[in-house]
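# Secondary and tertiary structure notes
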Amino acid sequence: MTSLIFRHLIARWRSLIKFLNLPLQKSPGFRFYTAPLPIAGAFITGLCLSLLFAACSSPSNVSTSNTSASPVSNSAPQEAKVIRFGYQKSLILLKAKGVLEKRFAPEGKSVEWIEFPAGPQLLEAMNVGSIDFGHVGESPPIFAQAAGAALTYVAGIAPSPAGSAILVPENSQIKQLSDLKGKKIAFQKGSSAHLLLVQALEKGGVKYSEIEPKYLPPADARAAFVKGSVDAWVIWDPFYAAAQKATNARVLVDGTGINKQGGYYIGSRKFVTENPQSVKAILEEIQKLEEWSAQNRDEVAQTLAPVLGIDLETMKKATSRRSFGVVPIDENLINLQQGVADTYYQLKLIPKQVNVRDALLTKEQYAAFSPKT
């Protein structure tokens, strides 16, 4: 028993080390945060306590094979009182408006917000149990599934193809996609930018093996782009809009005509299955805010500009390229997402074939909380 406990401890410790390795990034005009250290402290404390109690509750003179089964409770698990929501700056409006806090306050529930520089880091945190819910592009869930994460697709995000682009310096000799052959290109590995690059290279007749990828989170990628240590940068709004103004970057191509899907709201399988009413409430508030945003783009920009540290005109540009809406998980989305998984596997960017359906719920479960469109 003790050996099993320590093996479990070592496995969780490795996951924690991977999680704590997430970089804290800063760049002019932006602040990026990974999950705060108190989470790690709570994790370590809880793990140590669970080890202590497990050791104390297992008498040394009782064989595990002869231990009688504990009574099983038939009562449904109580819904979580604190919802840990991971977010990125691209969808910070939900936090800024405080709609979830207002919705959950009468039920005695609260929302804890944890910021991440990009989707891959967010899902790493979800995989080690530090957050319950979040939004990412189409690529991070594929990489997370390949790594064995117990996540679930909750709803789709309306695509905004014009909101992501491949940028090159203003005076660059790169004029068309075929010119990317042999070039150093910065982007966040496993992000929506990664997929845009893969799709754009295919369109330009360039093999992925013929470029030199530089896997960098947004802050580091921007610094490398400004210094000229990379030839191109693949990025999404609002960083895309800010870079256009601050660096006079030229758009080689955006996602128009290339990207066919947006991102996803993702939840840990445990949270989603045990908290369907909370998930339903979250999606309802998101959908109402999305509908309001589509009709009030200038006000969205005015709300976000000071929060993000971006000037109003730049924020308006980013908002103008944004599509708003929540999309239920359906066969079309599933097939598109499976295509993403197959592409990454064929390129040997993930270690095994991923079946997207392994991260789906039943039709009845989706019907219980999915937005009505």
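Scoring rules and cut-offs
Just so you know, the residues in each chain are numbered from 1, in the order the chain's sequence is written. In view of the model being predicted, local features appear only for residues whose pLDDT reaches at least 70, and side-chain atom pairs are presented and counted only at 80 or more, with totals across whole chains, interfaces and linings using the full set of residues. Each side-chain value is worked out from all heavy atoms of the structure, with water and hydrogens disregarded. When DSSP locates at least two bridges between a pair of strands, those strands are taken to pair. Numbered from the N terminus, helices here are DSSP runs of H or I no shorter than four residues, and strands are runs of E no shorter than two. Throughout, an axis means a line fitted to C-alpha atoms (over the contacting stretch in the case of helices), and angles, computed between N-to-C directions, take values from 0 to 180 degrees. Between 65 and 115 degrees an angle is taken as roughly perpendicular, under 35 as roughly parallel, over 145 as roughly antiparallel, and anywhere else as oblique. The criterion used for residue contact is that any of the two residues' heavy atoms lie within 4.5 Å. Think of it as three bins: nonpolar holds Ala, Val, Leu, Ile, Met, Phe, Trp, Tyr, Cys and Pro, charged holds Asp, Glu, Lys and Arg, and polar takes everything else, Gly as well. A 1.4 Å probe rolled over the protein chains alone gives each residue an accessible area, and that area as a share of the maximum for its type sets the label: buried under 20%, exposed over 50%, partly exposed in between. Identification of polar contacts relies on pairs of N or O atoms within 3.5 Å, with a donor-acceptor requirement for protein atoms, meaning one able to donate a hydrogen and the other able to accept it, and with residues adjacent in sequence counted only if both atoms are side-chain atoms. pLDDT runs from 0 to 100 and stands for how confident the predictor is about each residue. Nonpolar cores are built from buried Ala, Val, Leu, Ile, Met, Phe, Trp, Tyr and Cys residues. Side-chain atoms within 4.5 Å join them into one set. To estimate the expected span of a helix, count its residues, drop one, and scale the result by 1.5 Å. The arc in question is formed by the directions pointing from the helix axis toward the C-beta atoms.

Pairing within the open sheet is mixed, and its six strands lie in the order E4-E3-E5-E12-E6-E13. The open sheet is flanked by strand E4 (110-115) and strand E13 (326-327), the only strands paired with a single partner. By the bridge criterion, five bridges tie strand E6 (residues 151-157) to strand E12 (residues 264-268) in an arrangement that is antiparallel. Bridge pairing in E12 places tyrosine 153 opposite isoleucine 266.

Another aspect to go through is the sheet that holds strand E11 (residues 250-254). On the basis of which strands lie adjacent, the open sheet formed by five strands has the order E9-E8-E10-E7-E11 and mixed pairing. Edge positions in the sheet fall to strand E9 (212-215) and E11, since each of these pairs with one other strand and no more. The sheet shows a mean angle of 30° between the axes of neighbouring strands, taken without regard to direction. Across four bridges, strand E8 (residues 184-187) lies against E9 in parallel orientation. Within E9, the residue paired with isoleucine 185 across the bridge is proline 213.

This part takes up the packing of helix H7 (residues 192-203) against helix H14 (residues 331-346). Each pair of packed helices gets described by two things: the angle between the helix axes and the distance between those axes. At a minimum axis separation of 12 Å, H7 and H14 run at an interaxial angle of 75°. What the angle tells us is that H7 and H14 run roughly perpendicular. Packed against H7, whose contacting residues are His194, Leu195 and Val198, the element H14 presents Val340, Thr343 and Tyr344 at the interface. Of the residues assigned to the contact of H7 with H14, the class counts are four nonpolar, two polar and no charged.

Considering the arrangement of structural elements, one finds glutamate 107 in the loop between helix H4 (99-104) and E4. Under the relative-accessibility criterion, glutamate 107 is labelled partly exposed at 38%. With 26 residues separating them in the primary sequence, glutamate 107 and lysine 81 have C-alpha atoms 8.5 Å apart. Within the structure, glutamate 107 has its side chain in polar contact with the side chain of lysine 109 (distance 3.2 Å).

Moving on: the confidence of the model for the chain. Predicted confidence across the chain gives a mean pLDDT of 83, with 79% of residues reaching 70 or more. Low pLDDT, under 50, characterises residues 1-75; the predicted model gives this stretch 72 contacts beyond four residues in sequence or across chains.

Let us look at the nonpolar core. In this structure, Leu100, Phe133, Tyr153, Ile166, Leu167, Leu180 and Tyr344 are the most contacted members of the largest nonpolar core, which totals 104 residues. A total of seven residues in this core trace back to one element, the largest contributor, which is H7. Setting aside anything within four residues of it in sequence, one finds leucine 167 in contact with Phe225, Asp231, Ala232, Trp233, Ile235, Tyr240, Ala243, Ala249, Arg250 and Val251.

Taking 1.5 Å of rise per residue, 16 residues should cover 22 Å, and H14 covers 22 Å from first to last C-alpha, within 8% of that figure. Buried residues of H14: Leu333, Ile334, Gln337, Gln338, Val340, Ala341 and Tyr344, and no others. Along the axis of H14, the buried residues cluster in a sector spanning 155°; they form a single face. Of the exposed residues in H14, the ones pointing more than 90 degrees away from its buried face are Asn332 and Gln346. The inward-facing, buried residues of H14 abut helix H6 (140-146), E6, H7, E12 and E13. Regarding H14, its N-cap is aspartate 330, as a side-chain oxygen of that residue lies 3.2 Å from the backbone nitrogen of asparagine 332 further along. Looking one or two places after H14, you find lysine 348, whose phi comes out positive at around 60°.

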